Amino acid sequence: MADRVTVIGWDGSALTTAARSALGAATLVAGAAHHLALPEVPPGAERIRLGSVSLAARRIAQHRGTAVVLADGDPGFFGVVRTLRAPEHGLEVEVVPAVSSVATAFARAGMPWDDAQIVVAHSRDLRRAVNVCRAHTKVAVLTSPGAGPAELALLLTGVHRTFVICEALGTDRERVTVLTSDKVVDLDWRDPNVVIVIGGSPGGAAAQGTGWIAAHEVGHPTGPRGWGLPARAYGGVLDEGESVQLRTAQLARLGPRVGDLVWDIGSGNGAAAVEAARFGAAVIAVDADPDACGRTAAVARRHGVQLQIVHGRAPQILEDLPEPDVVRVGGGGAAVIAACAARRPERIVAHAATRDEAESLGGALADGGYDVECVLLQSVDLDTSVWVERERAVVFLLSGYRVSHP
């Protein structure tokens, strides 16, 4: 094992005294091409071009001498330190940090960033990063080849955002560009870069000024406590399919979370869509009634969440929507269930008023390749001033769980 391993962050500024001292004593130096070209790298040191950090870690573990790993920005923030310290490599490291590229990007933009979401984008799961950009008003995206500004913008079609694109931060090639998302796809961008994605209607904690927790937009801690909120939280009477008890059970089975895209088809007054968004998920609310779309937009503003609202009739309107992770079907019958199942979300929930309707929806889920669960929910609303029954509701709740084939 190397006698000593020092990880040095580099943000384009002059190296600190501690960094120069460690680098000067190094017998092995790992880094990107521009790191290995630094004049402080000892001429006689073994040099490793840093591609796979795991491969470099194995080589460092076999080295007898003093090793230095150079990395852009703060190497402890989505950086190489996590991999180097993984148990399989057995390396103990010292870290000389630098200003993170995210902090530098926000500084160039002149913006605070304690309320920003920060995600890493890879081509294999780019949609997760895009869904965070859909759901939140300020997101910093650490990009990678194949998952850069243009790819982000393409997947955000239909959602207006402003991009602050920061290339080659801290170098003499540094460039900061501000464009609307529809213009980003027309240009070429240098990898890697940091993209700040901003837009939507700020609300919840983000609208309250100084917060007390980083990324405090998630969960809206200054908003209503809990979920399954009563009708009065949404401005009045809700549809039968949006009752507190049914909505709570549906959300529990869907489990929306940060990075997900939720389809809420037949969104009605928007209660389920808003609550899914309050979990941090991106939500597309679909309804054929323009008045319902307007009400959904109003409650989204009231609760400070970001929704994409699509006016149209399912299943036809679903064809051009991006791939969902989970789906709530508030209406439309077996044809809508079949169209959703064809897109292979992880879970689909729906409800029915009669057993025959429940059997039809359950058959569509099963035919689409889903394990089906159906429960009969009965709720009784009591008037607690006199403790008598005020209202009784009975509904079939159907849940489809995608079958995973080996």
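Structural data are supplied above this passage.
1. Concerning unusual backbone geometry
1) Next: With an omega of -15°, the peptide bond between Asp191 and Pro192 qualifies as cis.
2) Next: For Pro192, the position within the fold is in the loop between α8 (181–184) and β10 (193–198).
3) Next: The amide bond that connects Ala314 to the next residue, Pro315, takes the cis arrangement and shows omega of 10°.
4) Next: Here Pro315 lies in the loop between β13 (307–311) and β14 (326–329).
5) Next: Residues other than glycine seldom take positive phi values, yet Ala168 does so here, at roughly 50°.
6) Next: If you trace the backbone, Ala168 turns up in the loop between β8 (162–167) and β9 (175–180).
7) Next: Classification of Ala168 by relative accessible area gives buried; the value is 15%.
8) Next: If you check the backbone angles, Arg344 has positive phi at about 60° while not being a glycine.

2. As for helix α13 (residues 355–367)
1) Next: With 13 residues, α13 ought to run about 18 Å at 1.5 Å a step, and its terminal C-alpha atoms sit 18 Å apart, in line with that.
2) Next: Every buried residue belonging to α13 is among Ala358, Leu361, Gly362, Ala364 and Leu365, and all of these are buried. Seen end-on, α13 carries its buried residues on one side only, within an arc spanning 155°. Turned more than 90 degrees away from the buried face of α13 sit Asp356, Glu359 and Asp367, all of them exposed.
3) Next: Looking at the buried side of α13, the elements it contacts are α12 (333–341), β15 (347–352), β16 (370–383) and β17 (388–402).
4) Next: A positive backbone phi angle near 95° is found at Gly369, which sits one or two residues after α13.

3. What about the pattern of salt bridges?
1) Next: Tallied over the full model, the rule gives 16 salt bridges.
2) Next: Residue Arg4 is joined to Glu94 by a salt bridge in which the shortest nitrogen-to-oxygen separation is 3.3 Å. Of this pair, Arg4 sits in strand β1 (residues 4–10) while Glu94 sits in strand β5 (residues 93–96); the two residues are 90 residues apart in sequence, bridging distant segments of the chain.
3) Next: Since its relative accessible area comes to 38%, Arg4 is described here as partly exposed.
4) Next: Residue classification places Glu94 among the partly exposed residues on the basis of a relative accessible area of 42%.
5) Next: When the shortest N-O distance is used, the salt bridge between Asp325 and Arg127 registers 2.9 Å. Of this pair, Asp325 sits in the loop between β13 and β14 while Arg127 sits in helix α6 (residues 126–135), placing them 198 residues apart in sequence.
6) Next: A relative accessible area of 15% places Asp325 in the buried class.

4. Considerations on the sheet that holds β5
1) Next: With respect to topology, five strands assemble into an open sheet ordered β3-β2-β4-β1-β5, the strand pairing being parallel. Only two strands of the sheet have a single partner each, and these edge strands are β3 (46–49) and β5. Sheet twist, expressed as the mean angle between neighbouring strand axes with direction ignored, is 20°.
2) Next: Across four bridges, the pairing between strand β2 (residues 28–31) and β3 is parallel. Counted as the bridge partner of Leu28 is Glu46 from β3.
3) Next: Helix α1 (residues 17–24) contacts β1, β2, β4 (66–72) and β5 of the sheet and is inclined by roughly 135° relative to β1.
4) Next: Where helix α3 (residues 53–62) meets the sheet, its contacts fall on β1, β2, β3 and β4, and the angle it forms with β3 comes to roughly 160°.

5. Side note on the side chain of His89
1) Next: With respect to the helices, strands and loops of the structure, His89 is situated in the loop between α4 (80–84) and β5.
2) Next: Look at His89 and you get buried, because its relative accessible area is 8%.
3) Next: The contact partners of His89, leaving out residues within four places of it in the chain, are Ser54, Ala57, Arg58, Ala61, Thr83 and Leu84.

6. A closer look at the packing of α12 against α13
1) Next: Relative orientation of the contacting elements α12 and α13 amounts to 20°, with a least axis distance of 9 Å. Judged by the inter-axis angle, α12 sits roughly parallel to α13. Handedness of the crossing formed by α12 with α13: right-handed. Residue-level contacts link Gly333, Ala334 and Ile337 of α12 to Ser360, Leu361, Ala364 and Leu365 of α13.
2) Next: Partitioning the contact of α12 with α13 into residue classes produces five nonpolar, two polar and no charged.

Conventions used here
- Residues numbered from 1 in each chain as written.
- Predicted model: local features only at pLDDT ≥ 70, side-chain atom pairs only at ≥ 80, totals over all residues.
- Heavy atoms only, no water.
- Helix = DSSP H or I, 4+ residues; strand = E, 2+ residues; numbered from the N terminus.
- Buried < 20%, exposed > 50% of the residue type's maximum accessible area, 1.4 Å probe, protein only.
- Expected span 1.5 Å × (residues − 1).
- Arc of directions from axis to C-beta.
- Contact = heavy atoms within 4.5 Å.
- Salt bridge = Lys/Arg side-chain N within 4 Å of Asp/Glu carboxyl O.
- Pairing = 2+ DSSP bridges.
- Axes fitted to C-alpha atoms, helices over the stretch in contact; angles between N-to-C directions.
- Parallel < 35°, antiparallel > 145°, perpendicular 65-115°, else oblique.
- Left-handed = near helix turned anticlockwise from the far one by under 90°.
- Nonpolar A, V, L, I, M, F, W, Y, C, P; charged D, E, K, R; others polar.

Function cannot be read off these values alone, since they describe shape.
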